[in-house]
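Take a look at the letters that make up each chain.
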Amino acid sequence: MKKTLFVFGYGYSARALVRELGDDFTTIGTSREAGSDVVKWPGSDISEPLSCATHLLISAGPDGDGDPVLRKVRDDISRIAPQLQWVGYLSTTGVYGDHQGGWVDEDTPLTPSTKRGQQRVIAEAAWQELADQAGLPLHIFRLAGIYGPGRGPFAKVRKGTARRIIKKDQVFSRIHVDDIAQVLAASIAQPNPGRVYNVCDDNAAPPEDVLEHAAKLLGLPTPPSEDFETAEMTPMARSFYAESKRVRNDRIKDELGVKLRYPTYQDGLASLLKAEG
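Each chain carries its own residue numbering, running from 1 in the direction its sequence is written. Predicted model: local features are reported for residues with pLDDT of at least 70 only, side-chain atom pairs are reported and counted for 80 or more only, and whole-chain, interface and lining totals are derived from all residues. Only hydrogens and water are set aside; all other atoms, that is, all heavy atoms of the structure, feed into the side-chain values.

A.B. asks: Now, about the overall build of the protein: what can you tell me, with residues and values included?
C.D. replies: A tally of helices and strands in the protein yields 10 helices and 13 strands. As defined in this context, the radius of gyration uses C-alpha atoms, and a globule is described by 2.2 Å times the residue total to the power 0.38. At 19 Å, the protein has a C-alpha radius of gyration in line with the 19 Å of a compact globule built from 277 residues. Partly exposed residues are those whose accessible area sits between 20% and 50% of the maximum for their type, while under 20% is buried and over 50% is exposed, using a 1.4 Å probe and protein chains only. Expressed as a percentage of the 277 residues in the protein, the buried residues total 49%. Contact criterion: two residues are considered in contact whenever any of their non-hydrogen atoms come within 4.5 Å of each other. Partitioning the intrachain contacts of the protein with sequence separation of at least 6 by distance along the chain shows that 80% fall at a separation of at least 24. A total of about 13,200 Å² of accessible surface is found on the protein, and carbon and sulfur atoms cover 48% of it. Under the DSSP-based scheme used, a helix requires at least four consecutive residues in state H or I and a strand at least two consecutive residues in state E, with every element numbered from the N terminus. Only the protein chains shown count as covering a residue, and every accessible area follows the Shrake-Rupley method with a 1.4 Å probe.

Structure (structure tokens):
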């Protein structure tokens, strides 16, 4: 059977993977909006294209009612389980919760402090349950903050709208979208069902440092700083500061042989700026 990747949620990270895989795969992707290269879903019958899948990527996030893929096509996925060579579920490092800047790895207990993180823990468990029942070759990838082409700090710095929100001891881990793609491709090439991987770079850092570095690269003034406690922020934006941790990425290197293309945000931002010309 020709290798066919079926993607639930054919968005930013999934498209990077498809570019990484090249012509080795046929890709079928779903989106909530109709498009020339996607199947609109929910809203259409996907049983026939899904039956062609040899590889499955779940990039659609959970909602208040759980995982939308399992809710709607759990039985269809169970039926095609014997032909699936690899299943990847994209989760988040938010499942670890707040560690006050301390280190976490894939064996750290899951103690999310945000609603989004809690939904992800439930969704991970639901996929693991189906994997056990149906024999799915499931792999879980816990992604750090994603950046890349079109998703970097330069636009806000140029516009003068960037704000350096200062919260003591706050650090985030990040990952360039092209490194997500190479991690997923490496896993597809050497499946290890049941495995969980953190996907992040080597340099967890305060968010204000990233903005300052972006401004420096552009030759622009450092964006103004604001204290987290008094800064005006939406509840969603404020929730991103609820957790502080450093995420270990040894497993993707030791087991998948991944050498990060952008091991630090400095490497990634320099590449983005160069690509902009």
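A.B. asks: Give me the lowdown on the sheet that holds strand S1 (residues 4-8), citing residues and values where you can.
C.D. replies: Reading across from one edge, S3-S2-S1-S4-S5-S7-S11 is the order of the 7 strands in this open sheet, with parallel pairing throughout. In this open sheet, the two edge strands, each paired with only one partner strand, are strand S3 (39-40) and strand S11 (196-199). Seen against the sheet, helix H1 (residues 12-21) touches S1, strand S2 (26-31), strand S4 (55-58) and strand S5 (86-92) and runs at an angle of roughly 170 degrees to S1. In this fold helix H6 (residues 177-189) packs onto S4, S5, strand S7 (138-143) and S11, with an angle of close to 165 degrees to the strand it touches most, S7. What makes two strands pair is DSSP finding at least two bridges between them. Axes, fitted as lines to C-alpha atoms, cover a helix only where it is in contact. Angles between the N-to-C directions of the axes lie from 0 to 180 degrees.

A.B. asks: Tell me about the packing of aromatic side chains, and please be specific about residues and values.
C.D. replies: In this scheme Phe, Tyr and Trp rings, the latter by its six-membered ring, pair at centre separations within 6.5 Å, and the angle between planes marks the pair as stacked below 30 degrees, edge-to-face above 60, and tilted otherwise. As enumerated under the stated definition, the model contains 7 aromatic pairs in all. Ring geometry for Phe6 against Phe8: centres 4.9 Å apart, planes inclined by 55 degrees, an arrangement best described as tilted. Neither residue differs from the other here; Phe6 and Phe8 are each classed as buried. Lying across the ring of Tyr10, Arg15 places its NZ or CZ 4.1 Å from the centre. Put simply, a charge is over a ring when the Lys NZ or the Arg CZ is close to the ring centre, within 6 Å, and near the line of the ring normal, within 35 degrees. Between Arg151 and the ring centre of Tyr12, over which it is positioned, the NZ or CZ distance is 4.1 Å.

A.B. asks: Pulling in residues and values, what's your account of the pattern of salt bridges?
C.D. replies: For salt bridges, the criterion is a side-chain nitrogen of Lys or Arg within 4 Å of an Asp or Glu carboxyl oxygen. In the structure shown here, the tally under the stated rule is 14 salt bridges. Taking the shortest distance from any N to any O, the salt bridge between Arg15 and Asp37 comes out at 2.7 Å. With Arg15 in helix H1 and Asp37 in the loop between S2 and S3, the pair connects residues that are 22 residues apart, well separated along the chain. The exposure class of Arg15 is partly exposed, given its relative accessible area of 29%. A relative accessible area of 40% places Asp37 in the partly exposed class.

A.B. asks: Describe in detail unusual backbone geometry, supporting the description with residues and values.
C.D. replies: In the segment running from Trp41 into Pro42, the intervening peptide bond is cis, with an omega of 0 degrees. Tracing the backbone shows Pro42 in the loop between S3 and helix H2 (47-50). One non-glycine residue, Gln100, lies in positive phi territory at about 50 degrees. The topology assignment puts Gln100 in the loop between S5 and strand S6 (103-104). Judged by relative accessible area, which is 70%, Gln100 ranks as exposed. Within the chain, Asp169 stands out as a residue other than glycine whose phi angle is a positive 65 degrees. Within the element layout of this structure, Asp169 appears in the loop between strand S9 (164-166) and strand S10 (174-176).

A.B. asks: Break down helix H3 (residues 68-80) for me, citing the residues and quoting the values.
C.D. replies: In this model, H3 (13 residues) spans 18 Å end to end at C-alpha, consistent with the 18 Å of a helix rising 1.5 Å per residue. Listed as buried for H3 are Pro68, Val69, Leu70, Val73, Asp76, Ile77 and Ile80. For H3, the elements touching its buried residues are S1, H2, S4 and helix H4 (115-134). If you check the start of H3, you find a side-chain oxygen 2.9 Å away from the backbone N of Val69, and it comes from Asp67. How far a helix is expected to stretch is found by multiplying one less than its residue total by 1.5 Å. We call two N or O atoms a polar contact when they sit within 3.5 Å, provided that within protein one can donate a hydrogen and the other can accept it, with sequence-adjacent residues counted only if both atoms are side-chain atoms.

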